[in-house]
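# Coordinate analysis (summary)
In case you want the letters, here they are:
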Amino acid sequence: MRRDPWRTQTSAPQPCPDPDWQPVPGPFQEVSTTAARHAQPRVWLRAVVWLVKEAGLHPKAGEATLRVARDLAGRMDYTAGTVLYDLDGTAARCALSRATVKRHVGYLRELGALVWVRHGSRRNLRLPGRPYAGTATIYAATIPYVHDRAHGHRIDGQGFRARVVGVPVPAERASAAGGSGRRVREPQSLAARPRTPVVEVDGKLEDTPRRRARPRTASRPGNSTPRSPLQVAADIRTAARVRPRVPWTQGEGLRRLAYALRPLIDQGLDAHDIAAELTSWWVDWRPARPAAYIAAQLRNRTAAAPREDLPGEPAHPHAAGPTGNAAWQEWLRQRAAATELREPQRTDDDRRHARLYGWDRWAEIADHYATDPDDALDLYGTRLCCYAIKRSSEDRGGR
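Residues numbered from 1 in each chain as written. Predicted model: local features only at pLDDT ≥ 70, side-chain atom pairs only at ≥ 80, totals over all residues. Heavy atoms only, no water.

## Quick notes on the confidence of the model for the protein
- For the protein, the mean per-residue pLDDT works out to 76, and 68% of the residues sit at or above 70.
- Segment residues 1–16 is flagged for pLDDT under 50; beyond a separation of four residues in sequence, or across chains, it makes 16 contacts in the model.
- A low-confidence stretch, residues 187–224 stays under pLDDT 50, and its non-local contacts, those more than four residues away or across chains, total 32 contacts. (pLDDT = per-residue confidence, 0-100. Contact = heavy atoms within 4.5 Å.)

Okay, structure coming up:
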């Protein structure tokens, strides 16, 4: 009888080397319910080799399982340990049938070495330019507790977010350390021991065991609010909306412009309000460095603002700019509250959907632009608005 080239294992059941071991049930093969810990691909592959070859826990896992695991590890994200399933590609690269790949991926899940992050489906996502695009299956690499227990690892936490905080010292290292009189310690854990706080000694910052050359500050004077990467990205998006509306700022880079606009952004002003504020300065020339000009003007306005801690000092009604006026700030606050009650915040998905499906609704877009041009440009974009205005003018000219 001719042997099937795709067949890699016999169909006869094999006894499990460890009678106490049980496969991981299906409900616990999810990233939210698994008892195994997260792992990176290089460490994960060594653990899979131990589970399959050395421990031999699963009676049906073998060389084909390791072949599939090596393909997954080669495509995994190095930090997150996640990987796209890619059933057809995995079968072609491993020279296995699709059914064989499915079985051995199931063995890895039963061993506790893979968990589902997202289940794939045949539902069409209807992406632009693609007639069909289904939802892809995503797996995450995990290491079960049976592996950590056999290797003497100390674990901090439970489930997918658990981590190794200590490993045993090999006998040869322990004997060498004992002969030399040195004490061998377990590796330090970033989660088990908090960082030593920075203390101030004689007016200088001290950080044991090393001293910093100079203290780090959150930001420069005039921009004292610390910025996270997400906040910096939001500032740049605001600057990208302000720059087209203020002609004399269009020669400045977005990062420098966003940095100069931080005081106005911290006051709660959106892109429209900031553009109105800059336009009210009546700059009829183009500064060589718009960001530096804005920063200097805001510093001068802050210095000229009346000080509340000096009683009896007269304050000129126009000493501070519009942003320092209490009535102006109250109007802005009421406008923001009314906007939140009137409609939800617009997202990039709203803009993408409007620009994709708005080409056959050009009359509605033209009316929107005639009523509120800034809002229409923000929602539909310049290209679609120009097309709608052109079609509307042609329609009126033909009547």
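Having seen it, we continue.
## Some words on the nonpolar core
- With 35 residues, the main nonpolar core has Trp 44, Val 48, Leu 72 and Leu 114 as its most contacted residues.
- Those elements that place two or more of their residues in this core are helix 1 (41–54), helix 2 (63–75), helix 3 (87–94), helix 4 (98–111), strand 3 (114–118) and strand 4 (138–143).
- In terms of nonpolar packing, the next biggest core, distinct from the first, is built from 22 residues, Ala 239, Val 246, Ala 260 and Ile 294 among them. (Core = buried A, V, L, I, M, F, W, Y, C linked by side-chain atoms within 4.5 Å. Buried < 20%, exposed > 50% of the residue type's maximum accessible area, 1.4 Å probe, protein only. Helix = DSSP H or I, 4+ residues; strand = E, 2+ residues; numbered from the N terminus.)

## As for the side chain of Arg 37
- Here Arg 37 shows up in strand 1 (residues 37–38).
- One polar contact links Arg 37 to Asp 148, side chain to side chain, over a distance of 2.9 Å.
- For Arg 37, the residues in contact, after removing those within four places along its chain, are Ala 141, Thr 142, Ile 143, Asp 148, His 153, Ile 155, Gly 159, Phe 160, Ala 162 and Val 164. (Polar contact = N/O pair within 3.5 Å; in protein donor to acceptor, adjacent residues only side chain to side chain.)

## Things to note about the packing of aromatic side chains
- The tally for this structure, following the rule as stated, stands at 7 aromatic pairs.
- Residues Trp 248 and Trp 281 carry aromatic rings whose centres are separated by 6.3 Å and whose planes lie at 25 degrees to one another, so their mutual orientation is stacked. Separated by 33 residues along the polypeptide, Trp 248 in the loop between helix 7 (229–242) and helix 8 (254–260) and Trp 281 in the loop between helix 10 (271–279) and helix 11 (290–304) bring together distant segments of the chain. By the burial criterion, Trp 248 is buried, and Trp 281 matches it.
- Pairwise contacts between aromatic rings join Trp 248, Trp 281, Trp 285 and Tyr 293 into one cluster. (Phe/Tyr/Trp six-rings, centres within 6.5 Å; stacked < 30°, edge-to-face > 60°.)

## Quick word on the pairing of strand 4
- Across the 6 residues that make up strand 4, a large majority, 5, are buried.
- Here strand 1 runs beside strand 4; their pairing, made up of 2 bridges, is antiparallel. Residue pairing in the sheet places Arg 37 in a bridge with Ile 143 of strand 4.
- Examined bridge by bridge, strand 2 (residues 82–84) and strand 4 share 3 bridges and lie antiparallel to one another. Opposite Thr 82, over in strand 4, you have Ala 140 as the bridge partner.
- Pairing analysis gives 4 bridges linking strand 3 to strand 4, with the strands arranged antiparallel. From the neighbouring strand, Leu 114 faces strand 4, where its bridge partner is Ala 141. (Pairing = 2+ DSSP bridges.)

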